[in-house]
Amino acid sequence: MDQAQIRSYGSGAIIVAFLCGTKMRIAVFHLLAMTLVVSAISTSEGVAEAPVPIPALDKQFWSFAPLKKPLPPEVENKRWGGNNIDRFILAKLEEKHISPSAAVEKRKLIRRASFDLIGLPPTPEEVEAFVNDKSRDAYDRLIDRLLASPHYGERWGRHWLDLARFAESHGYEQDYDRTNAYHYRDFVIEALNQDLPYETFVKWQLAGDELAPDSLLAMKATGFLAAGTHATQITANQAEKERYDELDDLAGTIGTAMLGLTIGCARCHDHKFDPIPTHDYYRMISIFTKTVRSDYDVLVDPPRYRLEKEKFDREHQPLVRALEKFEQEQLPARLAAWEQSGARPEAPVWLVLDHATAVAKGKATFTPQADGSFLVSGENADFDTFTFTATAPVPGIIAVKLEALADPSMKNNGPGRADNGNFALSDFKLAIRPGGSSNQLESRFNKATATFEQSGLPVSAAIDSDPKSGWAIDPKFGTNHAAVFELDSPLTNSGTLIITLKFDTNNKHSIGRPRLSVTTSLKAGLDDDPGPAGFAELNTILATPSAERTDQEKATLLKWYRRSDEQWLQLEGAIIAHAKKEPRPEKLKVLISSEGVPAVRLNTQGPDFYTNTYFLKRGDLNQKEGEAPPGFLQVLMRAPEKEKHWLKEPPPEAKTSFRRACLANWITDCDLGAGPLLARVVVNRLWQHHFGRGLVGTPSDFGAQGEKPTHPELLDWLANELIGNGWHLKPMHKLMMTSATYRQGPGQNLQSPMASSEQSALDPENTLHWRRVPQRLEAEVIRDAILLVSGKLDLKMFGPGTLDEAQSRRSIYFTIKRSHLIPMMVQFDAPDSLQGMGRRPQTTVAPQALLLLNNPQIRAAALAFAGKVERTARGSPATAIQAAYVAALGRPPKEDELIETVEFVKSQTASYQTAGKKDAPELALTDLCQALFGLNEFIYVE
């Protein structure tokens with residue numbers, strides 16, 4: 001209870017105490033004192049009020065109770081029905097003395113089934129084949145074929161994306177794009193096509209990175225958590241509030257989409273209608289405390305890569321060991337023999353800055369290599385600056401050489417870090433800090449030459465005054481490149497060299513393995529091999545008797561000598577050649593949600609997440625009442641005291657907290673957790689989309705404010721069937737669609753003593769399912785059907801979407817940008833993706849008809865449709881009209897329709913000819929085809 005309640009309770013207790021006897025008075029005062037102590041404890045800083053247990057009675061509410069296992073009821077009419085679903089439906093109808101309707105004709109049935117399962121109309125050939133197939137299992141085979149279609153995932157994936165509030169932009173005023181978000185949409189389609197068990201489908205969306213880290217599909221699934229809106233202009237003062245808003249979005253969406261509960265209502269106070277206390281709400285959102293969205297490079301096939309890498313390592317290790325053995329057993333003796341011969345090293349023209357240090361403006365890391373180069377790894381920033389610092393090895397430096405070396409760690413072997421292996425060096429600068437000084441003296445280059453220059457991007461651009469021009473090497477990828485930068489005059493000072501490489505010409509175009517060297521000779525060329533910067537040190541070591549050399553000097557001498565030893569070079573060459581065969585993991589940049597990964601950051605001043613989540617009194621950040629530990633909804637736990645059954649510690653080497661994995665296990669647990677409700681909600685959604693209305697009319701609210709199920713026994717029976725069949729959805733589709741209930745027509749009674757109007761009076765909303773209510777197609781399906789019928793539909797699946805309204809792929813591949821929705825989708829009630837939607841509204845407004853009449857894409861489709869049917873008609877308008885009807889509506893025109901439309905086409909042709917149109921017959925037929933697109937029979941399915 002809050003403080004106001006305690007004060008009220010205390011005042012009332014005092015009055016009662018004075019009105020009672022002595023013993024009662026003592027008891028009341030004792031109770032009051034205990035209440036005040038509890039109040040003081042619960043409101044002290046950093047300590048949370050203990051959870052109030054949910055009354056056992058609340059758990060008996062129909063949706064929170066365990067699944068019952070009802071048997072299909074007995075019915076009087078034994079002749080009607082295809083499976084057990086029909087017995088549940090018929091039992092209710094017989095109670096009301098209502099008879100079911102006759103089965104729909106086969107032409108309408110195949111059209112209904114096709115739109116239901118794949119969201120596309122059947123072709124004329126498919127319709128005729130089904131109508132003429134008299135075998136008993138023709139319909140079963142039809143359902144099996146449609147469920148096996150890859151378009152099933154596209155159709156049913158759209159239903160789930162509505163619930164997941166999926167979009168490809170952040171929302172809010174700026175509405176920045178999420179270029180890698182489409183992978184979540186592809187996951188939904190692919191998972192449904194594979195008939196991934198629904199419990200796994202749910203688990204992966206909550207914790208795919210924890211439960212199946214080697215699965216690309218599971219990693220894509222976590223895009224569910226990343227799909228909500230995200231503020232991108234956050235000040236430090238707003239940051240914590242925005243973070244709680246995001247956590248609220250996660251809990252709210254999981255609640256409505258998966259559990260059919262409005263969990264978010266408990267943010268500021270205990271839920272007004274359902275037994276969800278605020279305490280449970282904050283424990284649930286704390287599960288996501290450290291979860292962030294990230295554009296992450298995900299391995300496409302980790303198991304395959306591991307096998308290939310293990311094979312490579314087995315083959316590579318003997319080569320490495322052979323070189324190591326040679327260096328230990330033979331190289332020192334060969335060095336000694338070389339010394340005894342009197343030979344001495346020649347001074348290299350280029351001296352490698354092999355003792356340099358390197359840093360990046362971004363988050364790239366530099367690993368020194370044996371040849372003096374640096375291998376760059378880590379984050380590849382959009383625009384970066386590399387700074388190299390080294391002691392000048394000699395006085396009088398006149399030129400600097402930059403090598404961009406190829407390496408198998410880069411795409412196309414580099415030498416750049418761009419996706420194609422290119423780089424773009426916008427600026428190359430040199431400064432020297434004289435010894436003992438803190439000032440930097442800038443040097444100027446007067447000339448630059450390179451081994452190769454990309455057209456329009458010469459090396460001279462790296463030393464000009466334009467910060468965006470630069471040197472690049474497209475298309476010569478996968479090989480070494482070099483550039484020499486000559487100074488106006490030699491460096492007269494000794495000290496520290498500071499060499500700066502800027503990459504501002506193109507994003508993510510830095511060099512992946514740079515090596516720097518300097519020279520004092522004007523004759524030094526691009527092709528001259530560099531040598532160690534410590535050449536003078538080598539001569540000093542060689543002048544020292546071998547017995548007097550330190551271990552460090554011996555190592556330095558061997559490191560230099562080995563590069564002139566032919567046998568060592570052969571052994572190293574074998575290693576280098578084999579290293580080029582090293583398998584590289586194929587990666588895909590995906591928008592995921594996880595922990596310990598680089599978060600998507602735009603213009604945010606605060607942290608990516610806060611270490612702790614707190615109980616907030618009335619949802620107020622200024623009233624924190626202690627840290628909220630992770631937990632679940634008590635009302636959906638059969639034994640709350642056994643919550644540790646799910647709340648387990650992460651595995652020893654885990655990189656994440658595994659809190660989300662615990663949530664995933666709880667939400668799918670049918671014995672002790674939320675599994676029964678999860679099953680009820682999803683089978684109700686399947687029923688809703690097949691029959692037009694769920695058994696529970698409020699598909700995302702199974703709480704006290706939602707509607708009660710019209711057929712509670714059937715709902716539980718279906719949930720048990722789903723669980724018993726391993727949570728596979730495709731068998732549930734078939735079970736529902738092969739029922740006689742599904743195959744009913746719009747209202748012709750079977751042996752009914754009452755007229756349809758009387759039955760309608762008894763059940764005006766058809767909640768008892770005694771007939772089929774025509775359903776309007778969704779926006780995406782209307783557009784896809786138009787494209788398919790006209791022959792313009794591109795069936796390519798997956799990949800990035802587009803905002804181009806003229807694109808011919810299925811509508812699910814439109815990019816969903818929250819501030820730039822596709823007008824036709826909006827007009828026919830597609831969601832705005834700001835929050836999950838369990839049931840789309842169905843408006844009927846004039847702009848919908850006007851869109852079908854005036855939209856240029858609809859007109860183009862009608863023109864293509866007319867051309868298609870005209871080619872089959874061979875000059876006969878009547879034949880063309882018949883073909884158009886069959887393609888658009890699945891049936892030939894009736895006699896009066898044919899007469900009327902033939903006359904219409906003739907009239908339109910004459911009108912166009914009068915207007916001087918050369919293609920008058922085609923335009924007239926186009927008008928008819930466009931009119932067919934606007935018919936109720938095209939847009940509605942019986």
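It should be noted that the structure appears before, not after, this text.
Being a predicted model, the structure only gives us computed values, none of them experimental.

Criteria and thresholds
- Residues numbered from 1 in each chain as written.
- Predicted model: local features only at pLDDT ≥ 70, side-chain atom pairs only at ≥ 80, totals over all residues.
- Heavy atoms only, no water.
- Core = buried A, V, L, I, M, F, W, Y, C linked by side-chain atoms within 4.5 Å.
- Buried < 20%, exposed > 50% of the residue type's maximum accessible area, 1.4 Å probe, protein only.
- Helix = DSSP H or I, 4+ residues; strand = E, 2+ residues; numbered from the N terminus.
- Contact = heavy atoms within 4.5 Å.
- Expected span 1.5 Å × (residues − 1).
- Bend = angle between axes of the 7 residues up to and from the residue.
- Salt bridge = Lys/Arg side-chain N within 4 Å of Asp/Glu carboxyl O.
- Phe/Tyr/Trp six-rings, centres within 6.5 Å; stacked < 30°, edge-to-face > 60°.
- Lys NZ or Arg CZ within 6 Å of the ring centre and 35° of its normal.
- Pairing = 2+ DSSP bridges.
- Axes fitted to C-alpha atoms, helices over the stretch in contact; angles between N-to-C directions.
- Parallel < 35°, antiparallel > 145°, perpendicular 65-115°, else oblique.
- Left-handed = near helix turned anticlockwise from the far one by under 90°.
- Nonpolar A, V, L, I, M, F, W, Y, C, P; charged D, E, K, R; others polar.
- Arc of directions from axis to C-beta.

**Q** It is not clear to me how the nonpolar core should be interpreted in this structure. Could you clarify?
**A** Side chains that are nonpolar tend, in soluble globular proteins, to be buried together. Judged by nonpolar contacts, the single largest core of 125 residues is most densely connected at Trp-160, Trp-666 and Leu-718. Tallying contributions element by element places helix 20 (residues 675-691) first for this core, with nine residues. Leaving out residues up to four positions away in the same chain, Trp-160 has contacts with Tyr-184, Val-188, Tyr-198, Phe-201, Gln-205, Phe-224, Ala-257 and Met-258. In this structure, Ile-822, Ile-881, Phe-938 and Val-941 belong to the second largest nonpolar core, which totals 44 residues.

**Q** Explain the environment of Tyr-614 to me, please; I cannot follow it from the model alone.
**A** Relative to the elements of secondary structure, Tyr-614 occurs in strand 19 (residues 614-616). What makes Tyr-614 partly exposed here is its relative accessible area of 24%. Sequence spacing of Tyr-614 and Pro-124 is 490 residues, and the spatial spacing of their C-alpha atoms is 61 Å. Setting aside residues up to four positions removed in sequence, Tyr-614 forms contacts with Tyr-244, Tyr-282, Lys-624, Gly-626, Glu-627 and Ala-628.

**Q** Help me understand helix 14 (residues 302-329) in this model?
**A** Each α-helix turn comprises 3.6 residues. Residues three or four places apart therefore point the same way. For helix 14, which comprises 28 residues, the first-to-last C-alpha distance of 39 Å matches the rise-based estimate of 40 Å (1.5 Å per residue) to within 8%. The sharpest bend along helix 14 comes to roughly 30 degrees, located at His-316, with the proline Pro-318 sitting one to four residues further on. Buried within helix 14 we find Pro-302, Phe-312, His-316, Leu-323 and Phe-326. On its buried side, helix 14 packs onto strand 3 (292-299), helix 15 (331-340) and helix 18 (566-579).

**Q** Looking at this model, I keep getting lost on the pattern of salt bridges. Mind explaining?
**A** Enumeration over the complete set of coordinates arrives at 54 salt bridges. The partner of Glu-707 in a salt bridge is Arg-693, and the shortest N-O contact between them spans 2.5 Å. Here Glu-707, found in the loop between helix 20 and helix 21 (712-724), pairs with Arg-693, found in the loop between helix 20 and helix 21; they are 14 residues apart in sequence, far enough to count as distant. When its relative accessible area of 18% is taken as the criterion, Arg-693 is described as buried. Two residues, Arg-859 and Asp-927, come together in a salt bridge whose shortest N-O distance is 2.9 Å. In this pair, Arg-859 is assigned in helix 27 (residues 856-873) and Asp-927 in helix 30 (residues 920-933), connecting sequence segments 68 residues apart.

**Q** Explanation requested: the packing of aromatic side chains in the structure shown.
**A** Centre-to-centre distance and the angle between the planes together describe a pair of aromatic rings. By the definition in use, this model includes 32 aromatic pairs. Ring centres of Phe-61 and Trp-62 lie 6.0 Å apart, and the angle between their planes is 40 degrees; this geometry places the pair in the tilted category. The exposure class of Phe-61 is partly exposed, given its relative accessible area of 23%. If you follow Lys-106 out to its NZ or CZ, it ends over the ring of Phe-130, 4.6 Å from the centre.

**Q** Could you clarify how one ought to interpret unusual backbone geometry in this entry?
**A** For residues besides glycine, phi is generally negative; the peptide bonds are generally trans as well. Going from Gly-414 to Pro-415, the amide bond is cis rather than trans, its omega being 10 degrees. Omega for the peptide link from Asp-474 to Pro-475 comes to 10 degrees, which places this bond in the cis form. You can see Pro-475 is positioned in the loop between strand 12 (445-450) and strand 13 (481-487). Positive phi values are uncommon outside glycine, yet Asp-829 reaches one of about 75 degrees. Residue position: Asp-829 is located in the loop between helix 25 (823-827) and helix 26 (846-854). Look at Asp-829 and you get buried, because its relative accessible area is 9%.

**Q** What is the right way to read the sheet that holds strand 10 (residues 427-434) from this model?
**A** Paired through backbone hydrogen bonds, the strands of a sheet run either parallel or antiparallel to each other. Read from one edge of the open sheet, five strands run 5-8-14-10-11, paired in antiparallel fashion. This sheet does not close on itself; its edge strands, each paired only once, are strand 5 (357-360) and strand 11 (441-442).

**Q** Mind showing me how you'd approach the environment of Lys-918 here?
**A** Note on placement: Lys-918 falls in the loop between helix 29 (895-914) and helix 30. In sequence terms Lys-918 and Glu-903 are 15 residues apart; their C-alpha atoms lie 20 Å from each other.

**Q** Any chance you could explain the packing of helix 8 (residues 182-193) against helix 9 (residues 198-211) here in plain terms?
**A** The relative placement of two packed helices comes down to the angle between their axes together with the axis-to-axis distance. Closest axis-to-axis distance for the helix 8/helix 9 pair is 11 Å, and the angle between their directions is 165 degrees. By the criterion of interaxial angle, the relationship of helix 8 to helix 9 is roughly antiparallel. When the axes of helix 8 and helix 9 are compared, the crossing they make is right-handed. Packed against helix 8, whose contacting residues are Tyr-184, Phe-187, Val-188 and Ala-191, the element helix 9 presents Phe-201, Trp-204 and Gln-205 at the interface. Counted by class, the contact of helix 8 with helix 9 contains six nonpolar, one polar and no charged residues.

**Q** What am I meant to see in helix 29 here?
**A** Counted at 1.5 Å a residue, the expected span for helix 29 with its 20 residues is 28 Å, and the 29 Å between its end C-alpha atoms agrees. Among the residues of helix 29, Glu-897, Thr-901, Val-902, Val-905, Thr-909 and Tyr-912 are the ones counted as buried. The buried residues of helix 29 occupy an angular sector of 130 degrees when the element is viewed end-on, so they sit on one face. For helix 29, the exposed residues lying more than 90 degrees away from the buried face are Glu-895, Asp-896, Ile-899, Glu-900, Glu-903, Lys-906 and Thr-914. Looking at the packing, one finds that the buried side of helix 29 touches helix 27, helix 28 (877-889) and helix 30.

**Q** Teacher, can you tell me more about the packing of helix 15 against helix 17 (residues 551-561) here?
**A** Following both chains from N to C, one finds helix 15 and helix 17 inclined at 85 degrees, their axes separated by 11 Å at the closest point. Classified by the angle between their axes, helix 15 and helix 17 sit roughly perpendicular to one another. Every residue of helix 17 that contacts helix 15 at Leu-331, Pro-332, Arg-334, Leu-335, Trp-338 and Glu-339 is listed here: Leu-557, Leu-558, Trp-560 and Tyr-561. A class-by-class count of the residues in the contact of helix 15 with helix 17 yields eight nonpolar, no polar and two charged.

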